[in-house]
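Structural overview
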Amino acid sequence: MATFNPRAILAGNEPGAWSAPVPITYDQRDVLLYAVGIGCSDLRFTYEGHPQFAVFPSFAIRWGSAGLQIDRTAVPSSPGPLMIDAERCIEQLAPLPVPVGIGADKATTVQVRSRLLAVHPRGKGGAFTEFETEVLDGAGTVCMRITTGLFQRGVAALGDIAPFEGAGTTRSVKTEVPQRPADVTASIRIADNQAALYRLSGDYNPLHIDPESAKFGGFPAPILHGLCTYGHTAQLLTATVCGGDPARFGALRGRFSAPVYPGDTLQVLGWQDRPGRLTIEARVQGGVAGDRTVFNNAFFEHR
Ligand SMILES: C/C=C/C(=O)SCCNC(=O)CCNC(=O)[C@H](O)C(C)(C)COP(=O)(O)OP(=O)(O)OC[C@H]1O[C@@H](n2cnc3c(N)ncnc32)[C@H](O)[C@@H]1OP(=O)(O)O
């Protein structure tokens, strides 16, 4: 029977060691493809000839846990479609460098390092694992700080995993949505082929395209990447709250509380809870899975 001891790595509930930084290179095509993958239509993010062409801040989200060699004596795994994205936070400290063209010679390079933050058992034989990632530009400035939360489902049923004690300090937050009407609302229909488009940014998990994999994962149809939901939420908030200015994006955190399907209409609601910060929730009405809250325990910080 597999046993896990995250305490061996997360002694005193402190984060694990940082990985060695890994270089990651991207060009304008990667930036453009990501922007359309999250439903952007603002030319600042979708046209390299725009005078304020910029990398959309959540572009970095794909690098969560980059560089980390995961120790499987500490972190349970669940195979393929049974592992799902659970939470994310991205904090922008400085803009990501903008590549000057398309092709390897025009690409820009950042350094990315990660560390393990926490591993905790969750009911029904599941586990919740969190990592922290930093993205550094060529001058060594930390541009982005990312927290990645993954939910390993069904590990007990699959691997008969012995109960284990959690370790580390979670970054999860609980937020209550006010009863009053939202101060900000924005919505977008997720295109039928959005997951097929988003996966071209590098997340080829078949859960998002192959009906058989979706069935194995317990879903009636392929579900949207959590990071695609996150990106849509981020771009709607940037457009609505920040006038489309990426420099005003501070941080976006939240939990993927229920799956989104291509064809759903995503509605993002925000309640100003203090200057520069909104409590956020995203909802879907109807569709394959009926009315549901799909992104909660969430906030957006802006400048
Ligand atoms: C590689 C994959 C890529 C992807 O992109 S996957 C697509 C994006 N992700 C999703 O669509 C996930 C949507 N979320 C869900 O379907 C559900 O959400 C979960 C299956 C993750 C969990 O649901 P359930 O098993 O019914 O859990 P519970 O009974 O509601 O809660 C059990 C404990 O787990 C915590 N929890 C629930 N959801 C999450 C989450 N998303 N992230 C972190 N923790 C979660 C709760 O708090 C609670 O814990 P406490 O008993 O200690 O209170």
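Residues numbered from 1 in each chain as written. Predicted model: local features only at pLDDT ≥ 70, side-chain atom pairs only at ≥ 80, totals over all residues. Heavy atoms only, no water.

The name given to the chain in an unreviewed UniProt entry is Enoyl-CoA hydratase, with Pseudaquabacterium pictum as the source organism.

**Comments concerning the site of the ligand**
Taken together, 21 residues lie around the ligand, and Asp85, Ala86, Gly226, Arg255 and Phe256 are the ones closest in. One of the backbone N or O atoms of Phe256 is found 2.9 Å from a nitrogen atom in the ligand. Taking Ser257, its main chain carries an N or O atom lying 3.4 Å from an oxygen atom of the ligand. Computed on the free molecule, the ligand has an accessible area of 1,000 Å², of which 70% lies beneath the protein chains in the complex. Those elements that provide at least two residues to the shell around the ligand are β2 (83–92) and β8 (249–256). The element best represented in the shell around the ligand is β2, accounting for five residues. For the shell around the ligand, the per-class residue count stands at 10 nonpolar, five polar and six charged. Taken domain by domain, the makeup of the shell around the ligand includes at least three residues from each of domain 1 (1–171) and domain 2 (173–302). (Near = heavy atom within 4 Å. Polar contact = N/O pair within 3.5 Å; in protein donor to acceptor, adjacent residues only side chain to side chain. Areas by Shrake-Rupley, 256 points an atom, 1.4 Å probe, with all protein chains shown as cover. Helix = DSSP H or I, 4+ residues; strand = E, 2+ residues; numbered from the N terminus. Nonpolar A, V, L, I, M, F, W, Y, C, P; charged D, E, K, R; others polar. Domains from an automatic or database assignment.)

**Concerning the environment of Asp183**
Structurally, the position occupied by Asp183 is in the loop between β6 (167–168) and β7 (184–189). By relative accessible area, Asp183 is classed as partly exposed at 44%. Once the C-alpha coordinates of Asp183 and Pro246 are considered, the two residues, 63 residues apart in sequence, prove to be 21 Å apart. Setting aside residues up to four positions removed in sequence, Asp183 forms contacts with Gly270, Trp271 and Gln272. In this structure the side chain of Asp183 is engaged in a polar contact, spanning 2.9 Å, whose partner is the side chain of Arg180. At a separation of 2.7 Å, a polar atom in the side chain of Asp183 contacts the main-chain amide nitrogen of Gln272. (Buried < 20%, exposed > 50% of the residue type's maximum accessible area, 1.4 Å probe, protein only. Contact = heavy atoms within 4.5 Å.)

**Thoughts on the confidence of the model for the chain**
For the chain, per-residue confidence averages 93 on the pLDDT scale, and 95% of positions sit at 70 or higher. Model confidence for the complex: the whole-complex pTM is 0.95, and ipTM, which rates the interface, is 0.94. (pLDDT = per-residue confidence, 0-100.)

**Here we look at the side chain of Asp264**
Following the sequence through the fold, Asp264 ends up in the loop between β8 and β9 (265–274). Side-chain polar atoms of Asp264 contact the backbone nitrogen of Tyr261, separated by 2.7 Å. When near neighbours in sequence (up to four residues on either side) are disregarded, Asp264 contacts Ile188, Arg189, Ile190, Val284, Gly286, Gly287, Val288 and Arg292.

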